Amino acid sequence: MDYFNPVEVWERERLDELKLERLRSTVDRLYEKVPFYREKLDDAGFKPGDVKSLDDLGRLPFTCKDDLRDNYPFGLFAVPMHDIVRIHASSGTTGKSTVVGYTEADIQVWADLVARTIVAAGGTADDIVHVSYGYGLFTGGLGLHYGAEKLGATALPMSGGNTKRQIRMMVDFGSTILCCTPSYALNIAEVMQEIGVERESMRLKSAILGAEPWSDEMRRQIEEELIVSAHDIYGLSEVVGPGVSIECSQKKGLHIFEDSFIPEVIDPESGEVLPPGERGELVFTNINKEGLALIRYRTRDISRLFPEPCACGRTHVRMERITGRTDDMLIIRGVNVFPSQVEMVLMQVPGLSPHYQLVVDRIDNLDVLEVQVEVSPEIFSDEIKRLEELEKRIRDEVQSYLGVSVRVRLMEPRSIQRSEGKAVRVIDKRKI
Ligand code: DLL
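Here is what the cut-offs are and how they apply
- Residues numbered from 1 in each chain as written.
- Predicted model: local features only at pLDDT ≥ 70, side-chain atom pairs only at ≥ 80, totals over all residues.
- Heavy atoms only, no water.
- Helix = DSSP H or I, 4+ residues; strand = E, 2+ residues; numbered from the N terminus.
- Contact = heavy atoms within 4.5 Å.
- Domains from an automatic or database assignment.
- Buried area = accessible area lost by both parts, 1.4 Å probe.
- Salt bridge = Lys/Arg side-chain N within 4 Å of Asp/Glu carboxyl O.
- Polar contact = N/O pair within 3.5 Å; in protein donor to acceptor, adjacent residues only side chain to side chain.
- Pairing = 2+ DSSP bridges.
- Axes fitted to C-alpha atoms, helices over the stretch in contact; angles between N-to-C directions.
- Buried < 20%, exposed > 50% of the residue type's maximum accessible area, 1.4 Å probe, protein only.
- Core = buried A, V, L, I, M, F, W, Y, C linked by side-chain atoms within 4.5 Å.
- Expected span 1.5 Å × (residues − 1).

## Looking at the environment of Glu104
Structurally, the position occupied by Glu104 is in helix H4 (residues 104-120). Distance from Glu104 to Lys251, taken between C-alpha atoms, is 32 Å for residues 147 residues apart in sequence. Those residues in contact with Glu104 that lie beyond four places of it in its chain are Asp83 and Val85.

## Describing the domain arrangement of the chain
Where the parts come together, the accessible area they lose is often given as the size of the interface. Its domain assignment divides the chain into domain 1 (7-15 + 63-327) and domain 2 (335-428). Its C-alpha centre places domain 1 at a distance of 31 Å from the equivalent point of domain 2. Taken together, the 13 residues of domain 1 in the interface contact eleven residues of domain 2. Summed over both sides, the interface between domain 1 and domain 2 buries roughly 1,100 Å², with carbon and sulfur atoms accounting for 44% of that surface. Put simply, domain 1 and domain 2 have one salt bridge between them. Run the count over domain 1 and domain 2 and you get two residue pairs in polar contact (both at pLDDT 80 or more).

## Comments concerning the sheet that holds strand E3 (residues 128-131)
The mixed open sheet is built from nine strands, whose spatial order is E4-E3-E5-E6-E7-E8-E9-E14-E13. At either end of the open sheet lies a strand with only one pairing partner, and these are strand E4 (154-157) and strand E13 (305-306). The sheet strands contacting helix H5 (residues 139-151) are E3, E4, strand E5 (177-180), strand E6 (206-210), strand E7 (229-236) and strand E8 (241-247), and the helix crosses E8 at an angle near 65 degrees. Helix H6 (residues 163-173) rests against E3, E4 and E5 of the sheet, and its axis sits at about 175 degrees to E3.

## A look at the pattern of salt bridges
Across all of its chains, the model carries 36 salt bridges by this definition. A salt bridge links Asp70 to Arg69, with the shortest nitrogen-to-oxygen separation between them at 3.8 Å. Residue class for Asp70 comes out exposed when judged on its relative accessible area of 55%. Note on Arg69: relative accessible area 25%, which makes it partly exposed. Here Arg409 ties to Glu370 by a salt bridge, and the two come within 3.3 Å at their closest N and O atoms. Highlighted residues: Arg409 in strand E20 (residues 407-411) and Glu370 in strand E19 (residues 366-375), separated in sequence by 39 residues. Take Arg409: its relative accessible area is 41%, and that puts it in the partly exposed class. Through salt bridges that share partners, Glu212, Arg362, Asp367, Asp428 and Arg430 make up one connected network.

## Thoughts on the nonpolar core
One finds Leu144, Ile208, Tyr234, Phe261 and Phe284 to be the most contacted residues of the largest nonpolar core, which totals 68 residues. In terms of residue count, the dominant contributor to this core is H4 (eight residues). Discounting residues that sit within four places of it in the chain, Tyr234 has contacts with Gly241, Pro242, Gly243, Val244, Ser245, Leu254, Leu282, Phe284, Thr299, Asp301, Met319 and Ile322.

## Things to note about H5
Given a rise of 1.5 Å per residue, 13 residues ought to cover 18 Å, and the 18 Å separating the end C-alpha atoms of H5 matches this to within 8%. Within H5, burial applies to Thr139, Gly140, Gly141, Gly143, Leu144, His145, Gly147, Ala148 and Leu151. Positive backbone phi, at 90 degrees, marks Gly152, one or two positions downstream of H5.

## Remarks on the environment of Ser215
When you line up the elements, Ser215 lands in the loop between E6 and helix H8 (216-226). Taking the C-alpha atoms as reference, Ser215 lies 9.3 Å from Ile322; in sequence the two are 107 residues apart. Excluding residues that lie within four positions of it along the chain, Ser215 makes contacts with Arg321 and Ile432.

Structure, rendered in structure tokens:
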């Protein structure tokens, strides 16, 4: 079996020893360095040195997205800004993004984790890794990029968009591994057909797809159309970015790199830890990170854990592919969008009523988000030109605020169905 780092095949006992040592030093360090954690740990009755076994994890306090927001932007960093060499960010539930920071050592660890994912997906130093995740504050592009370089492969920093050009480069440069969202992989396959590029003119062998939910059905389609081995990669910026877990050749769950993150699955209502095999909310504790390390971070992602050994030889626990969320976060072309953020934008535009609905669909393999919003009666009787201007304004504001393009449909007053309980804000027609 090929792996990038021998820790991936360490036997359980040795791995658990390392985890305990790292958990203890992380908790102790956070107590010393981060006032937020000192307070939380004090409340939970933990003092430095109190973590004695891995079972103590379950008594540590949770961290959630709001804690990052309340300490925006750098309040949870455990090192002085002088030591932070990189910042990334992703959407929060309201105006503030979730900001994460990395030290030089963190960047190295992250690159190592991503290199492991590329190898698990069949990659070697001889590969040309075509990175079509977005480069920028999003962790996808730079995450895969540094991992490819760490492996000694060739990184091709394409970023997203301009699909025809992507295809041309894939042919000309002989890209062997494609990294993008699964929906974009399907989109690429379709554009190839449209412009008449034969699969035979390409050297693709694997695809490392993630950042949004997908299914085995989508995998079949991608593998058939692009003739690749498609691997699910999972991660989130708060925890590190891509590289938290990856499917190996067996494709029976994603190995979580336990030397860096300790996973738990909890009942989202009670917070109780669930036994292996039961579905619930994934929680991660960082044990190998300096800049920003989170204790029991609640991801809101739904999954379950499989501790059984894997035929690939890796000993690290596997998680089921993400099957849902415990909140209303949508992922539109890889961008995380909370309905509350769209609402905030709409509420700032005069002439709109507070009645709106978000309709999500997948058209030609691309997510389309349509914002339907009722206008006031005066506006509704305005000339078409004024209505078009209003539509454009909403489109522009959502785009600049959320970084995602949307369609806007202005609706007649009282045309959106009123709810008798919780408003139905999202209609998701995507069949994933
Ligand atoms: O999406 C990191 C990433 C980049 C992962 C590239 C994989 C590849 P965020 O923008 O912080 O980070 O979004 C994290 O995206 O909590 C999940 O809800 C969702 N997500 C990420 N990977 C998967 C996946 C990146 N493989 C949020 N399947 C997470 C389902 C995923 N959902």
